[in-house]
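# Chain and residue survey
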Amino acid sequence: MNFDERIDRRGSHSVKWDMMETLYGVPASTGIAMWVADMEFRPPAAIQKAVEGMAAHGLYGYFGDDRDYLAAIRWWMEHRHGWEVAPEWIFTVHGLVNGTALCVDAFTQPGDGVVLMTPVYHAFSRVIRAAGRDVVECRLAQDNGRYVMDLDAWDAQMTGRERMLILCSPHNPGGRVWTVEELRQVADFCVRHDLILVSDEIHHDLVYPGQRHTVMPLAAPEVLERLVMLTAGTKTFNIAGAHCGNVIIPDPTLRATMARRIGALGISPNSFGLFMVSAGYSPEGAEWADALMRYLEGNRALFDERINRIPGLRSMPLEATYLSWVDFAGTGMSAEEIHRRVESEAQIAANHGATFGAGGESFLRFNIAAPRAQVEEALERLSRAFADLQ
Ligand SMILES: Cc1ncc(COP(=O)(O)O)c(C=O)c1O
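First, a word on scope: everything that follows refers to the structure included in this document. Since the model is a prediction, treat every value here as computed from it, not as a measurement. (Residues numbered from 1 in each chain as written. Predicted model: local features only at pLDDT ≥ 70, side-chain atom pairs only at ≥ 80, totals over all residues. Heavy atoms only, no water.)

Looking only at helices and strands, one finds 14 helices and 15 strands in the protein. Compactness check: the protein gives a C-alpha radius of gyration of 21 Å against a globular reference of 21 Å for 390 residues, within 12% of the reference. Judged by the C-alpha coordinates and their principal axes, the protein covers about 60 × 60 × 40 Å. Out of the 390 residues in the protein, the part that is buried amounts to 58%. When contacts within the protein are restricted to residue pairs at least 6 apart in sequence, long-range pairs at least 24 apart make up 73% of them. On the protein, roughly 15900 Å² of surface is accessible, and the fraction owed to carbon and sulfur atoms is 50%. Treating the 36 positive side-chain charges of the protein as one cloud and the 50 negative ones as another, the clouds have centres 2 Å apart. (Helix = DSSP H or I, 4+ residues; strand = E, 2+ residues; numbered from the N terminus. Rg over C-alpha atoms; globule rule 2.2 N^0.38 Å. Buried < 20%, exposed > 50% of the residue type's maximum accessible area, 1.4 Å probe, protein only. Contact = heavy atoms within 4.5 Å. Areas by Shrake-Rupley, 256 points an atom, 1.4 Å probe, with all protein chains shown as cover. Lys, Arg positive; Asp, Glu negative; His and termini not counted. Charge placed at Lys NZ, Arg CZ, Asp CG, Glu CD.)

Its 15 residues give helix H4 (residues 67-81) an end-to-end C-alpha distance of 20 Å, which sits within 8% of 21 Å, the value for a rise of 1.5 Å per residue. Contacts made by the buried residues of H4 are with strand E2 (90-93), helix H9 (216-219), strand E9 (227-231), strand E10 (245-248), helix H11 (271-280) and helix H12 (283-307). Directly beyond the C-terminal end of H4, a positive phi value near 65° is found at Gly82. (Expected span 1.5 Å × (residues − 1).)

Once that is clear, we can look at the site of the ligand. Inspection of the region around the ligand gives Ala37, Gly95, Leu96, Val97, Tyr121, Cys168, Asn172, Asp200, Ile202, His203 and Lys235 as its neighbouring residues. Between an oxygen atom of the ligand and a side-chain N or O atom of Asn172, the distance comes to 2.8 Å. The separation between an oxygen atom of the ligand and a polar side-chain atom of His203 is 2.8 Å. Counted by class, the shell around the ligand contains six nonpolar, three polar and two charged residues. (Near = heavy atom within 4 Å. Polar contact = N/O pair within 3.5 Å; in protein donor to acceptor, adjacent residues only side chain to side chain. Nonpolar A, V, L, I, M, F, W, Y, C, P; charged D, E, K, R; others polar.)

On to the pattern of salt bridges, then. In the structure shown here, the tally under the stated rule is 26 salt bridges. Here Arg6 and Glu377 are joined by a salt bridge, their closest N and O atoms 3.4 Å apart. In this pair, Arg6 sits in the segment before helix H1 (15-18) while Glu377 sits in helix H14 (residues 372-385), placing the two residues 371 residues apart along the sequence. Look at Glu377 and you get partly exposed, because its relative accessible area is 30%. Here Arg314 makes a salt bridge to Asp327, at a shortest N to O gap of 3.8 Å. With Arg314 in strand E11 (residues 314-315) and Asp327 in strand E12 (residues 323-327), this pair connects stretches of sequence that are 13 residues apart. Owing to a relative accessible area of 32%, Arg314 belongs among the partly exposed residues under this scheme. (Salt bridge = Lys/Arg side-chain N within 4 Å of Asp/Glu carboxyl O.)

With that settled, consider the packing of H4 against H12. The geometry of H4 relative to H12 is characterised by a closest axis approach of 11 Å and an angle of 45° between their N-to-C directions. Put simply, H4 runs oblique to H12. Where H4 crosses over H12, the two elements pack in a sense that is right-handed. Note on element contacts: H12 touches H4 through Pro283, Gly285, Ala286, Ala289 and Asp290, opposite Trp75, Trp76 and Arg80. Looking at side-chain class alone, the contact of H4 with H12 contains five nonpolar, one polar and two charged residues. (Axes fitted to C-alpha atoms, helices over the stretch in contact; angles between N-to-C directions. Parallel < 35°, antiparallel > 145°, perpendicular 65-115°, else oblique. Left-handed = near helix turned anticlockwise from the far one by under 90°.)

Read across the sheet, seven strands follow the order E2-E10-E9-E8-E7-E3-E4 without closing on themselves; strand pairing throughout is mixed. This sheet does not close on itself; its edge strands, each paired only once, are E2 and strand E4 (134-139). Averaged over all pairs of adjacent strands, the angle between strand axes in this sheet comes to 25°, irrespective of strand direction. In this sheet, E9 lies alongside strand E8 (residues 196-200) in parallel orientation, the contact comprising four bridges. Looking at the pairing, Asp200 lines up with Leu230 of E9. (Pairing = 2+ DSSP bridges.)

This part is about the sheet that holds E11. Note: strands within a sheet are paired through backbone hydrogen bonds, in either parallel or antiparallel orientation. As summarised here, the arrangement of the four strands in space is E11-E12-E15-E14, forming an open sheet in which the pairing is antiparallel. Because the sheet does not close on itself, it has two edges, and the strands there are E11 and strand E14 (351-352). Note that E14 and strand E15 (residues 363-367) share two bridges and pair antiparallel. Paired with Asn351 across the two strands is Arg365, which belongs to E15.

Written out as structure tokens, the structure is:
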């Protein structure tokens, strides 16, 4: 567990590094990649060992008998999140963008509305629109620089055509760990407007010391009949390329609908993902995840302290995730000028806020899950790019 080790990922087919020049004009030779949500760290040794075990065996045929995998999920959910999951509730899919798309496909019709609390993870709106459904943007409000829900305003927005709400818990971007009270309010909202509640909890293990994430079924057990949980070990352990996630559905009727769609689309899991996640969902993986959050806590403190020293910039206080959401509104600059300074001058690729939907326009999202020396270098570059404000 050496989170300070600097590993060169250039030329390794990493989307974060090898697509940076095409998408942001930042060459990998001189740039720092702070966009895509994967980390610059090696996964737990247990996962590496599992992959080496597969390679040593040297046969890569169809996977069968997922009892160990399901048991590992049950163990993790119970030990880390206090939630008992029955194995038959779990569908294994190709990651949670795939899981979200399956939910939209299985539980809504073309023309239906799907509610998002924006700004929010950009792939949600992408899959909803691609499926011919309407994105209904309910904007998060801010209280003391943190996102909060504005349920009265959202109630007034509902037309009766909405069928689903996709919640991001903890929230990306913005890093909120929703309180039990807030989760209950979302659940009540879904009951009031008869919405399927899809709770994407992919960031549930990336919670800073002192914060407590509550899984939706524990916060609001009364909505189990309309709840779909999305979970994965891929963010936790930095194995996103394994493309492996879980769609967990306690209600038998919703489950039968999902089973039919998965059958119709011919989806079956990839053995690499199952081996890797099973190895991570272990006491060794838990120890690694705790060490990771302690390291990220240091990066968060450093990043916040230095970024907030630049006049006009303000980072949201992160309760979870390694994705710092920085508001540039106070600079009074156009989005083009901010992007020019960050990308051309500082040579940093960070996600553009507008892609996260209404309310994100003046923000950039910076991935701080990197060796501290790299985060420091990025902060130096940003300070220089905005030196005229200081
Ligand atoms: C909220 C959220 N859901 C899903 C994903 C992607 O999931 P996957 O890689 O399993 O498709 C991300 C990645 O950043 C995310 O932030």
